[in-house]
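# Tertiary structure, described
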Amino acid sequence: MPAFDEVEVGQQIPSQSQTIEQAHLIQYAGASGDFNPLHWQEEFAANVSPTGGIIAHGMLSMGLVSRVVTDWAGGPEHVARLSASFRAPCPVGATLHLGGEVTAVDADARTATLAVWAELDDGSKVVDRRSSEAVVRLT
Amino acid sequence: VRRCRSPAGCSARCSSCARLRCPRPRPEEAVIALNTDRIGHRYPTYHYEVSREKIREYAAATGVWEDRYTADPAAVPAEEVVAPPTFAACFTVGRGDIFSDPELGAHWNLVHGSQEYDCSRAIVAGDLLACSPSIVDIVDRGKFELLTFQIDCTDARTGEHVLTSRSVIIFFKNQEG
């Protein structure tokens with residue numbers, strides 16, 4: 001994990017990209033227990049989805065953002081807060097670009113606050129960096 | 001015009017908006033609407049037991065690979081198997097008692113708007129969590145409604161706070177669900 005003294009506002013953490021396949025949604029549904037047919041049934045999605053097709057669970061996008069944060073922080077035990085605002089839908093087959101940037105450091109609490117995001121190739125904000133953040137405890 | 005959203009309809013004085021004659025929805029635009037009387041309602045506390053296997057499954061589904069998740073259980077103590085920060089989704093998002101509450105009127109024509117987790121400590125395998133859900137707010141935005149609910153999770157053995165989950169769910173109106 002990064003040392004507190006080495007973390008600066010404006011610093012970006014290592015980004016990751018992942019293409020979301022139907023199999024990921026099925027696996028996530030099973031693991032999380034979220035079986036909303038919006039994430040696996042085309043006829044249902046055609047009626048109610050904002051895209052007219054199957055879209056990923058918001059929480060899957062948040063889970064992938066979480067991975068980028070915990071990979072940088074050195075494990076899940078260092079995360080004090082994680083929030084995600086789901087702005088744009090993530091259709092099956094799309095690639096998510098995941099990242100984070102340090103926006104504040106607190107010397108007393110020894111924490112860093114990061115804006116975090118998951119965006120599509122066209123810049124659509126699946127997890128919107130303007131209202132999604134992580135707070136990481138550093139040593 | 002702010003439409004009364006009492007599912008029971010209005011008689012002499014509406015219990016939702018307190019108007020004497022409140023504008024009911026016309027039949028052709030009959031809306032699926034949440035009951036704002038449920039704001040502040042607390043649901044019974046339920047318990048969730050965190051298993052090593054569920055953490056492993058959840059971590060794999062979000063592409064998190066750590067040796068402690070896949071190690072032989074005899075080699076790694078349960079308390080060293082620390083769940084990913086969003087693992088709480090397994091027992092906080094889409095909780096049955098909120099979504100099946102007939103007084104609230106939730107339905108499946110929805111998407112997840114936002115999610116927050118504030119963690120006093122990480123969840124580990126073997127935890128027994130006492131989870132207390134409540135409805136924080138219901139806001140009408142015209143074509144949709146925003147339901148905010150919160151679940152406070154404490155360690156059932158020690159009483160210490162573990163995490164608070166806050167979810168905003170967007171319910172669309174006037175569509176088949």
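Above this text is the structure in question.
What this report covers is the structure whose coordinates are included nearby.

## Thoughts on the interface of chain A and chain B
Chain A puts 31 residues into the contact, and the matching count from chain B is 37 residues. Considering only the surface of chain A that becomes buried against chain B, Ala31, Met59 and Pro76 of chain A emerge as the three largest contributors, covering 20% of it. The interface formed by chain A and chain B includes three salt bridges. Between chain A and chain B we count 14 residue pairs in polar contact (both at pLDDT 80 or more) in total. Elements supplying a minimum of two residues to the side of chain A that touches chain B: α1 (22-32), α2 (42-48), α3 (58-73) and β2 (79-85) of chain A. Here the side of chain A that touches chain B takes eight residues from α3 of chain A, the largest share from any one element.

## A short note on the pairing of strand β4 (residues 111-119) of chain A
Residue and element names in this part refer to chain A. Among the nine residues in β4, nine count as buried, and that is most of the element. Neither face of β4 is exposed, since Thr111, Thr113, Ala115, Trp117 and Glu119 on one face and Ala112, Leu114, Val116 and Ala118 on the opposite face are all buried. In this sheet, β4 lies alongside strand β3 (residues 95-106) in antiparallel orientation, the contact comprising nine bridges. Residue pairing in the sheet places Val105 in a bridge with Ala112 of β4. Alignment of β4 against strand β6 (residues 133-137), held across five bridges, turns out to be antiparallel. For Ala112, the partnering residue across the bridge sits in β6 and is Val136. When β4 meets strand β5 (residues 125-127), the two strands line up antiparallel, connected through two bridges.

## With respect to the pattern of salt bridges
Scanning the entire structure with this criterion turns up 15 salt bridges over all chains. Linked by salt bridges that have partners in common, Arg81 and Glu133 of chain A together with Glu116 and Asp118 of chain B make up one network.

How each quantity is defined
- Residues numbered from 1 in each chain as written.
- Chains lettered and ligands numbered in written order.
- Predicted model: local features only at pLDDT ≥ 70, side-chain atom pairs only at ≥ 80, totals over all residues.
- Heavy atoms only, no water.
- Contact = heavy atoms within 4.5 Å.
- Buried area = accessible area lost by both parts, 1.4 Å probe.
- Salt bridge = Lys/Arg side-chain N within 4 Å of Asp/Glu carboxyl O.
- Polar contact = N/O pair within 3.5 Å; in protein donor to acceptor, adjacent residues only side chain to side chain.
- Helix = DSSP H or I, 4+ residues; strand = E, 2+ residues; numbered from the N terminus.
- Buried < 20%, exposed > 50% of the residue type's maximum accessible area, 1.4 Å probe, protein only.
- Pairing = 2+ DSSP bridges.

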